[in-house]
Amino acid sequence: MTRTDHVSLALDWTPNTNHIGFYIARSKGFYADENLTVSVVSPHEDEYKTTPGARVADRSVDFAITPKESVVSYHTWPGASKPKIVAVATLVQKVTHAVVTLKSSGIDRPAKLDGKTYASYAARYEGRMVQELIRADGGKGDYIESVPAMLGIWNTLLKGEADATWVFMSWEGIEAARANIDLNVFAFEDFGIPLGYSPVLVAHPDLLASQPDRVRRFLAATAKGYAFAAAHPDEAAKIFVDAVAADTAHSPLPTPLDAGMVAESARFLAPMYVHEGRGVWGVMEEGVWSAFVDWLSDKGLLTPSGDVGVAIPRESVPASSLFSNEFLP
């Protein structure tokens, strides 16, 4: 009798279309085809008390979705107290996040954020990246940072409790457009900050070394889920909404999914799920990782603390150590 293996996945945010392929793969039986069962942990279940990266680090889950910056953070942490987690896939091929302000605020360029309030996730590198965004537009980078409850950050902007925050245009951006809320959008790449892939799927190096077959089976099935979403976004959106409703029945989402918004977001992301050259989900390029680490180093941010301090030599953080395409189909 063939053994069925279990895989656990921690999300970086409440379920959204960045995650659609995992739910499709489970609902369509792609994981079952690989003799896998998959459970998903949403951060709303513990009010984001534990980050997804920390869940992978302590091996309480097998995989997690994190910002790319988290991978760099784990590779530059002082001492050997934290594992060097590895990105094994990117969820989307293009950057869809940005810092935004309300159009009505008149803050129509990053330089005008000097003296304004930015609602922060308190993530490593985040504050300095926002500061460099402002400076790249000619500002001083002197803004006020507030740290609201994690899952309510978007609402602080809508309520006027903050002047700016970091969002995914594929999610909050679409929500704003559907509500006729006009935004000023400051994309990092437009100001010379090469963010690249984010979010990414990460794993503990020990899992990759000890159970490569289970990793490959999980990624193969997940890739099929994202391929389905790329080819059939409307159908994928319906499957996703139903799957999330079933998955969160025991712990309802703070805000229920809106089927129309999910469908619009799925159509927005459909062209971004699959790598154009290789025609498969998840593939990453070393040059994209290198460009980001180069930028951190150039700005003095490649330090043990993630802030200005004693710089880590650039060559001690090779991009090839941060990610792997080895386990993708």
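Moving on: the sheet that holds strand β2 (residues 36-41). Judged by pairing direction, the sheet is mixed, and its 5 strands sit side by side in the order β2-β1-β3-β10-β4 without closing on themselves. Edge positions in the sheet fall to β2 and β4 (86-90), since each has one partner strand and no second. Sheet twist, expressed as the average angle between the axes of neighbouring strands with direction ignored, equals 30°. One ladder, built from 4 bridges, connects strand β3 (residues 63-66) with strand β10 (residues 200-203); its direction is antiparallel. Bridge assignment links Thr 66 to a residue of β10, and that residue is Val 200.

A cis geometry characterises the amide bond from Ser 198 onward to Pro 199, with omega recorded as 5°. With a phi close to 65°, Arg 59 is a non-glycine residue in the positive phi region. Along the chain, Arg 59 falls in the loop between α3 (52-57) and β3.

Spatially, β7-β6-β8-β5-β9 is the arrangement adopted by the 5 strands of the open sheet, whose pairing is mixed. Each having just a single partner strand, β7 (144-146) and β9 (183-186) make up the two edges of the open sheet. In this sheet, neighbouring strand axes are inclined to one another by 35° on average, regardless of whether the strands run parallel or antiparallel. Relative to β7, strand β6 (residues 117-119) runs parallel, the two being bridged by 3 bridges. Residue pairing across strands places Thr 117 opposite Ile 144, the latter belonging to β7.

We now examine helix α5 (residues 126-136). Of all 11 residues making up α5, 9 are buried, and the element is well covered by its neighbours. All of the buried residues along α5 are Glu 126, Gly 127, Arg 128, Met 129, Val 130, Gln 131, Glu 132, Leu 133 and Ile 134. Once α5 finishes, Gly 138 follows within two positions and takes phi at roughly 100°, a positive value.

Where burial is concerned, the two faces of β3 agree: the one with Phe 63 and Ile 65 and the one with Ala 64 and Thr 66 are both buried. Direction of pairing for strand β1 (residues 5-10) relative to β3: parallel, over a ladder of 2 bridges. When the bridges of β3 are listed, Leu 9 appears paired with Phe 63.

In the contact formed by helix α4 (residues 68-75) and helix α12 (residues 286-298), the axes pass within 12 Å of each other and the chain directions differ by 65°. Where α4 crosses over α12, the handedness of that crossing is right-handed. Of the residues in α12, those touching α4 at Lys 68, Glu 69, Val 71 and Val 72 are Val 288, Trp 289, Phe 292, Val 293 and Leu 296. Each residue belonging to the contact of α4 with α12 can be placed in one class, and the counts come to 7 nonpolar, no polar and 2 charged.

So, about the packing of aromatic side chains. Under the definition given, this model contains 14 aromatic pairs. Here Phe 22 and Tyr 226 contribute two aromatic rings whose centre-to-centre distance is 5.6 Å and whose plane-to-plane angle is 85°, an arrangement assigned as edge-to-face. Linking Phe 22 in helix α1 (residues 20-27) with Tyr 226 in helix α9 (residues 212-231), this pair joins segments that are 204 residues apart in sequence. Side by side, Phe 22 and Tyr 226 carry an identical accessibility label, which is buried. The side chain of Lys 68 reaches across the aromatic face of Trp 289, ending 5.4 Å from its centre.

This brings us to α4. Counting buried positions along α4 gives 8 out of 8 residues, so the element sits mostly inside the fold. Among all positions in α4, only Lys 68, Glu 69, Ser 70, Val 71, Val 72, Ser 73, Tyr 74 and His 75 are buried.

Next up on the list: the packing of α1 against helix α10 (residues 233-247). At a closest axis distance of 9 Å, the pairing of α1 and α10 adopts a crossing angle of 85°. Regarding the angle of α1 to α10, the classification is roughly perpendicular. Side by side, α1 and α10 meet where Ile 20, Tyr 23, Ile 24, Arg 26 and Ser 27 of the first sit next to Ala 236, Ala 237, Ile 239, Phe 240, Ala 243, Val 244 and Asp 247 of the second. Its residues placed into classes, the contact of α1 with α10 shows 9 nonpolar, 1 polar and 2 charged.

Residue placement: Arg 26 occurs in helix α1. Residue class for Arg 26 comes out partly exposed when judged on its relative accessible area of 28%. Setting aside chain neighbours within four positions, we find Arg 26 in contact with Tyr 31, Val 38, Ser 39, Val 40 and Asp 247. A polar contact of 3.0 Å, which involves the side chain of Arg 26, links it to the side chain of Asp 247.

Rules used throughout
- Residue numbers restart at each chain and count upward from 1, following the sequence in its written direction.
- Where local features are concerned, this predicted model is filtered to residues with pLDDT of at least 70; where side-chain atom pairs are given and counted, the filter is 80 or more; whole-chain, interface and lining totals use all residues.
- Calculation of side-chain values draws on the structure's entire complement of heavy atoms; hydrogens and water are dropped beforehand.
- Paired strands, as defined in this entry, are two strands with at least two bridges between them according to DSSP.
- Working definition: helices are DSSP H or I runs of at least four residues, strands are E runs of at least two. Numbering for both runs from the N terminus.
- Each axis is a line fitted through C-alpha atoms, and for a helix only the stretch in contact is used; angles between axes span 0 to 180 degrees, taken between their N-to-C directions.
- Relative accessibility under 20% of the residue-type maximum defines a buried residue, over 50% an exposed one, and the middle range a partly exposed one, all with a 1.4 Å probe and only protein chains included.
- The hand of a helix crossing depends on one turn: near helix anticlockwise from the far one by less than a right angle means left-handed, and clockwise means right-handed.
- It only takes one pair of heavy atoms within 4.5 Å for two residues to be counted as in contact.
- Under the scheme applied, nonpolar residues are Ala, Val, Leu, Ile, Met, Phe, Trp, Tyr, Cys and Pro; charged residues are Asp, Glu, Lys and Arg; polar residues are all the others, including Gly.
- Stacked, tilted and edge-to-face pairs are distinguished by plane angle, under 30 degrees for stacked and over 60 for edge-to-face with tilted covering the rest, among Phe, Tyr and Trp rings (Trp via its six-membered ring) whose centres lie within 6.5 Å.
- Two conditions define a charge located above a ring, namely a distance within 6 Å from the ring centre to NZ of Lys or CZ of Arg, and an angle within 35 degrees of the ring normal.
- Here is the rule for angles: anything less than 35 degrees is roughly parallel, anything more than 145 is roughly antiparallel, 65 through 115 is roughly perpendicular, and the remaining ranges are oblique.
- Pairs of N or O atoms within 3.5 Å make up the polar contacts considered here, provided that, within protein, one atom can donate a hydrogen while the other can accept it, and that residues adjacent in sequence are counted only when both atoms are side-chain atoms.

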